[in-house]
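Overview (structure and organization)
Listed below, chain by chain, are the residues.
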Amino acid sequence: MTTVEVPDGLGVVAVLGNDFASLLCLGGQPAVLHAHDCHGSVGQLAARAEPGAVRPADLDALRDWLAAPGLNPRRPPPAGPLAPLLRLLAPGRYTLALSTPGWQELPVLDPAPGAAASWYWPTQGDALVVTDHWPPRDQATVESYRARISGGARPAAVVVRAPGGGPRYLVDGHHKLAAYRRTHVRPLLIEIAPEKPMPLRREEFAAAVPPAQAKAFAAPLDDWTYSVPSSQ
């Protein structure tokens, strides 16, 4: 793991909150959210925010490098090639790490519009929540990555998460992840997290909860004052 400073980030990609509750924003719009369900010691919930945010086109600048980054999972990823992505983050200090989780420890969640997905931590591991179509619609691209992975290539997907735990939010690499899954090979993930929790106001989180899931997220909102940082 390594730490980098992003002094002049654009805030296009921002993950707010902590391991109790978090909100991923893309392009200034709420995209996906998660919270402890407060009904037991390990229950977790995730949902897509309304309206849905879109993947930042700026991530395309990393496409070629991420397809063949030549990374060593035993070493932290270099900040230099990731500069186009780091520039999209909200200003702050971040940790960068590589991981290759086993599929039995990586439930992939795709919350349906207006619905919530659930999982249990740590028995099911740290969930990976997708932010685009799942499974990916372009199966030709998935097959292309599958062939490369079968040949020994290790393309990288990019996830962001709140510090301290909670789900990984997949911001780039849906086709790669699907290809890794098809070949039963552990995926290579570049993990980015704020060094300290970024403030998340209760009102901001509540506004992002899909109306149909207001009841499911009522309990974590009731416990908000004691669990989530709302200011620096």
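Residues numbered from 1 in each chain as written. Predicted model: local features only at pLDDT ≥ 70, side-chain atom pairs only at ≥ 80, totals over all residues. Heavy atoms only, no water.

Remarks on helix 4 (residues 174-183)
Basically, it comes down to this: The rule is simple: take the accessible area with a 1.4 Å probe, protein chains only, and divide by the maximum for that residue type; under 20% is buried, over 50% is exposed, in between is partly exposed. The helix count covers DSSP runs of H or I at least four residues long, the strand count covers runs of E at least two residues long, and both are numbered beginning at the N terminus.
Counted residue by residue, helix 4 has seven buried out of 10 residues, so it is predominantly covered. Taken together, the buried positions of helix 4 are occupied by His-174, Lys-176, Leu-177, Ala-178, Ala-179, Tyr-180 and Thr-183. One or two residues past the end of helix 4 sits His-184, with phi positive at roughly 60 degrees.

What to know about the pattern of salt bridges
The cut-off we apply is this: When a carboxyl oxygen of Asp or Glu is within 4 Å of a side-chain nitrogen of Lys or Arg, the pair counts as a salt bridge.
Applying the stated criterion to the full structure yields 10 salt bridges. We note a salt bridge from Arg-182 to Glu-143, for which the minimum N-O separation is 3.6 Å. Residue Arg-182 is found in helix 4, and its partner Glu-143 is found in helix 3 (residues 139-150); the two are separated by 39 residues along the sequence. What you see here is one network of salt bridges that share partners, running through Asp-126, Arg-161, Arg-168 and Glu-191.

Considerations on the nonpolar core
Side chains that are nonpolar tend, in soluble globular proteins, to be buried together. We apply this condition: What makes a nonpolar core is a set of buried Ala, Val, Leu, Ile, Met, Phe, Trp, Tyr and Cys residues whose side-chain atoms join them at distances within 4.5 Å. In this description, contact between two residues means that some pair of their heavy atoms is separated by no more than 4.5 Å.
By size, the foremost hydrophobic cluster in this structure holds 74 residues, and its most contacted members are Val-13, Leu-33, Ile-192 and Phe-205. Residues in contact with Leu-33, not counting those within four places in the same chain, are Ser-22, Leu-23, Leu-45, Ala-46, Ala-47, Ala-49, Tyr-169, Phe-205, Ala-208, Val-209, Pro-210 and Phe-217.

Here's the deal with the environment of Leu-66
Here Leu-66 lies in helix 1 (residues 63-67). Judged by relative accessible area, which is 1%, Leu-66 ranks as buried. Separated by 152 residues in the primary sequence, Leu-66 and Ala-218 have C-alpha atoms spaced 39 Å apart. With sequence-adjacent residues up to four places away left out, Leu-66 is seen in contact with Pro-155, Ala-156, Val-158, Asp-172, Lys-176 and Ile-190.

Concerning empty space enclosed by the protein
The gaps of empty space that remain are located by a probe, the size of a water molecule, rolled over the atoms. Threshold: The rule is simple: put a 1 Å grid over the protein atoms alone, call a set of points where a 1.4 Å probe fits but cannot get out a cavity, call an open set with protein on both sides within 12 Å along at least five of seven lines a pocket, and count a residue as lining if it has an atom within 4 Å of a point. Grid points are joined across faces, edges and corners, and a volume is the space filled by probe spheres set on the points.
If you walk through the whole model with that rule in mind, you get one cavity of 30 Å³ or more. One number sums up the size of the largest cavity: a volume of about 50 Å³. Take the lining of the largest cavity: its biggest share by element is three residues, from strand 2 (residues 13-17).

Concerning the packing of aromatic side chains
Each pair of aromatic rings is reported with the distance of its centres and the angle of its planes. Our working definition: Only centres within 6.5 Å qualify two rings of Phe, Tyr or Trp (six-membered ring in Trp) as a pair; their planes then separate them into stacked at under 30 degrees, edge-to-face at over 60, and tilted for everything else.
According to the stated counting rule, one finds two aromatic pairs in the structure shown. Aromatic pair Phe-205 and Trp-224: ring centres 5.0 Å apart, planes at 40 degrees, arrangement tilted. Of this pair, Phe-205 sits in helix 5 (residues 202-208) while Trp-224 sits in helix 7 (residues 224-227), placing them 19 residues apart in sequence. Per residue, the accessibility class of Phe-205 equals that of Trp-224, and both read buried.

A look at helix 3
Because each turn of an α-helix spans 3.6 residues, side chains separated by three or four positions end up pointing in the same direction. Keep this limit in mind: Helices are assigned an expected span. That span is 1.5 Å times one less than the residue count. Two N or O atoms count as a polar contact when they lie within 3.5 Å, although within protein this holds only if one can serve as hydrogen donor and the other as acceptor, and sequence-adjacent residues are included solely when both atoms are side-chain atoms.
The first and last C-alpha atoms of helix 3 sit 16 Å apart over 12 residues, in line with the 16 Å expected at 1.5 Å per residue. For helix 3, the elements touching its buried residues are helix 1 and helix 4. Two to three positions downstream of the cap, the backbone nitrogen of Ala-140 sits 3.3 Å from a side-chain oxygen, assigning the N-cap of helix 3 to Asp-138.

Considerations on the layout of surface pockets
Quick note on the threshold: Residue type decides the class: Asp, Glu, Lys and Arg count as charged, Ala, Val, Leu, Ile, Met, Phe, Trp, Tyr, Cys and Pro as nonpolar, and the leftover types, Gly among them, as polar.
If you add up the space inside the largest pocket, you get close to 340 Å³. Lining the largest pocket are 16 residues, with Arg-55, Arg-63, Asp-172, His-174 and His-175 positioned closest to its centre. Contributions of two or more residues to the lining of the largest pocket are made by helix 1, helix 3 and helix 4. A per-class count over the lining of the largest pocket returns three nonpolar, five polar and eight charged.

Focus: unusual backbone geometry
Excluding glycine, residues mostly carry a negative phi; peptide bonds, for their part, are mostly trans. The residue after Trp-134, namely Pro-135, is reached through a cis peptide bond having omega -5 degrees. Although it is not a glycine, His-184 adopts a positive phi angle of roughly 60 degrees. The residue His-184 is located in the loop between helix 4 and strand 12 (188-194) in this model. The exposure class assigned to His-184 is exposed, which follows from its relative accessible area of 69%.

Re the side chain of Asp-172
Within the secondary structure layout, Asp-172 lies in strand 11 (residues 168-172). Judged by relative accessible area, Asp-172 falls into the buried class, the value being 7%. In this view, Asp-172 contacts Arg-55, Leu-59, Leu-66, Ala-157 and Val-158; residues no more than four positions away in its chain are not counted.

Focus on the sheet that holds strand 11
The strands making up a sheet are joined through hydrogen bonds of the backbone, oriented either antiparallel or parallel. This is how the line gets drawn: In this description, strands pair whenever DSSP reports at least two bridges between them. For every element, the axis is a line fit to its C-alpha atoms; helices are fit only across the contacting stretch, and the angle between N-to-C directions ranges from 0 to 180 degrees.
Read across the open sheet, the seven strands follow the order 1-6-12-10-11-9-7; overall the sheet is mixed. With partners counted over all chains shown, the strands left at the sheet margins are strand 1 (2-6) and strand 7 (108-109), one partner each. Two strands pair when backbone bridges link them, and strand 9 (residues 128-130) and strand 11 are joined in this way by three bridges, in the parallel orientation. Residue pairing for strand 11: Val-129 is matched across the bridge by Tyr-169. Helix 4 rests against strand 7, strand 9, strand 10 (156-160), strand 11 and strand 12 of the sheet, and its axis sits at about 115 degrees to strand 11.

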